[in-house]
Amino acid sequence: MTTEAPSRDTSGTLPFLTAARGVFDLSFEAMLWSRRSLFLALLLCLPIALGVLFHAAQAVELQTRITGRDLYQLLVVLFYVRNALPLVALFYATSLIADEVEGRTLTFLLTRPVSRASVLTGKYAAFLATALTLTLPAVVVGGVLLIAPEGAGALGGSLPALLRDMAAMGLTLAAYGAAFTLLGVLLRRPVIPGLVFLFVWEFLANLPGYLPRFTLSVYARGLLPYRSIPGLGELFLLDLEPWTCAATLAAVSAAGLLLAIGIFSSREYSMSQ
Amino acid sequence: MRGRTGSRIVAAAAGGLVILGLGIAAVDRLLNPSRVGPVSAAALAMPEDTRVLLGVDVGKLRDSPLLDSLSGFLEEWLKGDHGRLLSELGIDPLESVDEVVVGLRPVPGGTGLLAVARGRFDLQALGKLADGAAAAGLERRDTQGAALHLVTRAGAEPAAALAFLDGADAVIGAPEDVAALIGNRARGLEPLRSSPGLVAMLQAIEPGAQLWAVDGDGAALEQLRPYTRRLPFPALPEIDGLAAWGATAPVLALDVIARARDPEGARSLADTLGGVLTLARLQSGIFPELAEVASTASVAVDGRDVRLGIRIRKQVLDALLARLERAGGDQ
């Protein structure tokens, strides 16, 4: 037996921003204190452990093939931007609505005097806040750990780069987050298709030709000037202007979120009892 | 602690950590306010027509395995006029000096060289030594803007000059160049800042470099053009500037940024470099060291900039040097 989610009474709905703020508060709290966040926090702090290991290796005079700054740049471009942040976005953003459906709690949200647009916007903002809360401290600590030992002025000189990296990560999270939010409202079980998108479709970014332009990865990587994959593969890498990349990611974020809001607002959800 | 307050505390702690990290970086930056890239304020007073700058962070190099390779060059330099001047004053460049910036500029009949050193100089002791050495042809000048200004003479003509601007900055070079730098500094002028190409390339150098070189208008690369024309690659595009820097620990890390005239030129240069590296990687059978160096090398394009990065492990460097030595012996 199934029951239809009650139709909304929009006559007395709260203002958009007030409602979104309320949803944000609830969702931020739920996201931050979850096992998912614990797992992702450990993943995102991995570079700090690698930084400590790097210095330990130097302290015992083990031969390393890269410098601390190289390691920081590799971690930013390959670990965070290419792998960890899209995964963080996948696990949080696909579950914004899917978790409510799975836990059969969506009814409670939809019967409140709030618009569906404010629900999804509040949840998306909570995802961004949670992801940035977990990511940015790890990036900054990792940067300080790997760059500061180069000497006086080294970290100070890298301040613009640190700020740029943080902005690039924010945009990466926003774009992947919007794409996965869309996937989350479209599909009942979005994680597997999301993983396929990340590790099969996004692989196109490494191929020659025009195809990489249809991936998010190539634009996220284009925000950063760090050297790309060493080897023959670098011959095929598409180099795009950073502002083009930033504009594309911002457009994808806005379009993905608006589409997701449109679908979520018009869809009828059936809750099995 | 769970709940809304707990979430806010976690978010505030995360924000605090980010602000602390960025604050440390900002303080570090504020402590070196007058620098342009790795160049100190004193070196910025070099003459405006300086085309190429070279720098060495002696403090970091002291513990470097590269020091042995440089010691021969240093001994040769110490035998010249500038070196004799230092040894008469009892200055050991490796002990008293922390960083050196050398400026090269075109002068009639060759290249003018002016070096600015930062370190720890005991002006009182140096003054006494200078007075004692006056009989050996050392002339002490009373110059506004310099704590101690000395000139050596080769017969009637001034040969080299050394000036201590204060206890931390010294300048050595041709007497007229040293006098010009002292004058610029006394008037608060920093002529190098008016060379946008040089400043842009200096700012491209990553902090922490132990050795670096900057060519503000690509003139140095132009001198290589006759040789690159013989290579089986397309002609290299015009270059507006070049910056190269390196660190010796934990690996020998070399980075070069070439600034092309336009993004197309940059892509063309990157393609050429990529082709050269690919060929080098295919030499593993006959030249494994070169193949390994090429396998660690990477080329990236960022607008007009082409960046080449090379990392060389000590074992590979030793093998390369040994091979070069053998090749030299065979000839």
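See the structure above.
Since the structure is predicted, the reported quantities are computational estimates derived from the model, not experimental observations. (Residues numbered from 1 in each chain as written. Chains lettered and ligands numbered in written order. Predicted model: local features only at pLDDT ≥ 70, side-chain atom pairs only at ≥ 80, totals over all residues. Heavy atoms only, no water.)

Visitor: I'd like a rundown of the overall build of chain B, residues and numbers included.
Guide: Tallying secondary structure elements over chain B gives 13 helices and 12 strands in all. The buried share of chain B, reckoned over its 331 residues, is 45%. Considering only residue pairs separated by 6 or more positions, chain B has 60% of its internal contacts joining residues 24 or more positions apart. Of the accessible surface of chain B, which amounts to about 16,300 Å², a share of 59% is contributed by carbon and sulfur atoms. (Helix = DSSP H or I, 4+ residues; strand = E, 2+ residues; numbered from the N terminus. Buried < 20%, exposed > 50% of the residue type's maximum accessible area, 1.4 Å probe, protein only. Contact = heavy atoms within 4.5 Å. Areas by Shrake-Rupley, 256 points an atom, 1.4 Å probe, with all protein chains shown as cover.)

Visitor: Please give an account of the interface of chain A and chain B that cites residues and values.
Guide: Each partner contributes to the interface: chain A provides 47 residues, whereas chain B provides 51 residues. Carbon and sulfur atoms supply 60% of the area buried between chain A and chain B, which totals about 3,900 Å² over both sides. Counting across the interface, chain A meets chain B through three salt bridges. We note a salt bridge from Glu206(B) to Arg69(A), for which the minimum N-O separation is 3.5 Å. Put simply, chain A and chain B have six residue pairs in polar contact (both at pLDDT 80 or more) between them. Looking at the side of chain A that touches chain B, the elements with two or more residues in it are α1 (16-32), α3 (46-59), α4 (68-93), α7 (116-147), α8 (154-157) and α9 (159-186) of chain A. (Buried area = accessible area lost by both parts, 1.4 Å probe. Salt bridge = Lys/Arg side-chain N within 4 Å of Asp/Glu carboxyl O. Polar contact = N/O pair within 3.5 Å; in protein donor to acceptor, adjacent residues only side chain to side chain.)

Visitor: Got a sec to walk through helix α2 (residues 35-44) of chain A? Specific residues and values, please.
Guide: All names here are of chain A. Listed as buried for α2 are Ser 37, Leu 40 and Leu 44. Viewed along the axis of α2, the buried residues span an arc of 70 degrees, placing them on a single side of the element. Of the exposed residues in α2, the ones pointing more than 90 degrees away from its buried face are Arg 35, Leu 38 and Leu 42. In this fold, the buried residues of α2 make contact with α1, α3, α4 and α7. (Arc of directions from axis to C-beta.)

Visitor: Got a sec to walk through α1(A)? Specific residues and values, please.
Guide: For α1(A), built from 17 residues, the straight-helix expectation of 24 Å at 1.5 Å per residue is met to within 8% by its first-to-last C-alpha distance of 24 Å. Among the residues making up α1(A), those that are buried are Ala19(A), Ala20(A), Val23(A), Asp25(A), Ser27(A), Phe28(A), Met31(A) and Leu32(A). (Expected span 1.5 Å × (residues − 1).)

Visitor: Lay out the layout of surface pockets with the relevant residues and their values.
Guide: In this structure, the largest pocket encloses a volume near 1,300 Å³. Gly157(A), Gln203(B), Ile205(B), Glu206(B) and Pro207(B) are the residues nearest the centre of the largest pocket, which is lined by 49 residues in total. For the lining of the largest pocket, a count of residues per class yields 23 nonpolar, 11 polar and 15 charged. (1 Å grid on protein atoms, 1.4 Å probe; cavity = no way out; pocket = protein on both sides within 12 Å on 5 of 7 lines; lining within 4 Å. Points joined across faces, edges and corners; volume = space filled by probe spheres on them. Nonpolar A, V, L, I, M, F, W, Y, C, P; charged D, E, K, R; others polar.)

Visitor: Account for the packing of α9(A) against helix α12 (residues 242-266) of chain A, naming residues and giving values.
Guide: Residue and element names in this part refer to chain A. Remark: α9 packs on α12, axes separated minimally by 8 Å, with the N-to-C direction vectors making an angle of 25 degrees. Our classification of the angle between α9 and α12 gives roughly parallel. Judged by the twist between their axes, the crossing of α9 over α12 is left-handed. Judged by residue contacts, Leu 171, Ala 174, Ala 175, Ala 178, Thr 181, Leu 182, Val 185 and Leu 186 of α9 engage Ala 246, Leu 249, Ala 250, Val 252, Ser 253, Gly 256, Leu 257, Leu 259, Ala 260, Ile 263 and Phe 264 from α12. Class assignment of the residues belonging to the contact of α9 with α12 gives a composition of 16 nonpolar, three polar and no charged. (Axes fitted to C-alpha atoms, helices over the stretch in contact; angles between N-to-C directions. Parallel < 35°, antiparallel > 145°, perpendicular 65-115°, else oblique. Left-handed = near helix turned anticlockwise from the far one by under 90°.)

Visitor: Got a sec to walk through a nonpolar patch on the surface? Specific residues and values, please.
Guide: On the surface, Trp201(A), Phe203(A), Leu207(A), Tyr210(A), Leu211(A) and Phe214(A) cluster together into a nonpolar patch covering about 630 Å² of accessible area. Structurally, Trp201(A) is set in the loop between α10 (191-199) and α11 (217-222). (Patch = residues over 30% accessible without salt bridge, like charges linked within 9 Å, V, L, I, M, F, W, Y side chains within 5 Å.)

Visitor: Summarise the pattern of salt bridges; cite the residues concerned and give the values.
Guide: Once the charged atoms of two side chains with opposite charge are near each other, the side chains can pair. Enumeration according to the criterion identifies 23 salt bridges over all chains in this entry. Across the salt bridge formed by Lys123(A) and Glu100(A), the nearest N and O atoms sit 2.8 Å from each other. Of the two residues, Lys123(A) is situated in helix α7 and Glu100(A) in helix α5 (residues 95-102); the sequence distance between them amounts to 23 residues. Relative accessible area serves as the criterion here: at 6%, Lys123(A) is assigned to the buried category. Glu100(A) gets classed as buried once you look at its relative accessible area, which sits at 15%. Here Asp169(B) makes a salt bridge to Arg185(B), at a shortest N to O gap of 3.9 Å. With Asp169(B) in strand β7 (residues 169-173) and Arg185(B) in helix α7 (residues 175-186), this pair connects stretches of sequence that are 16 residues apart.

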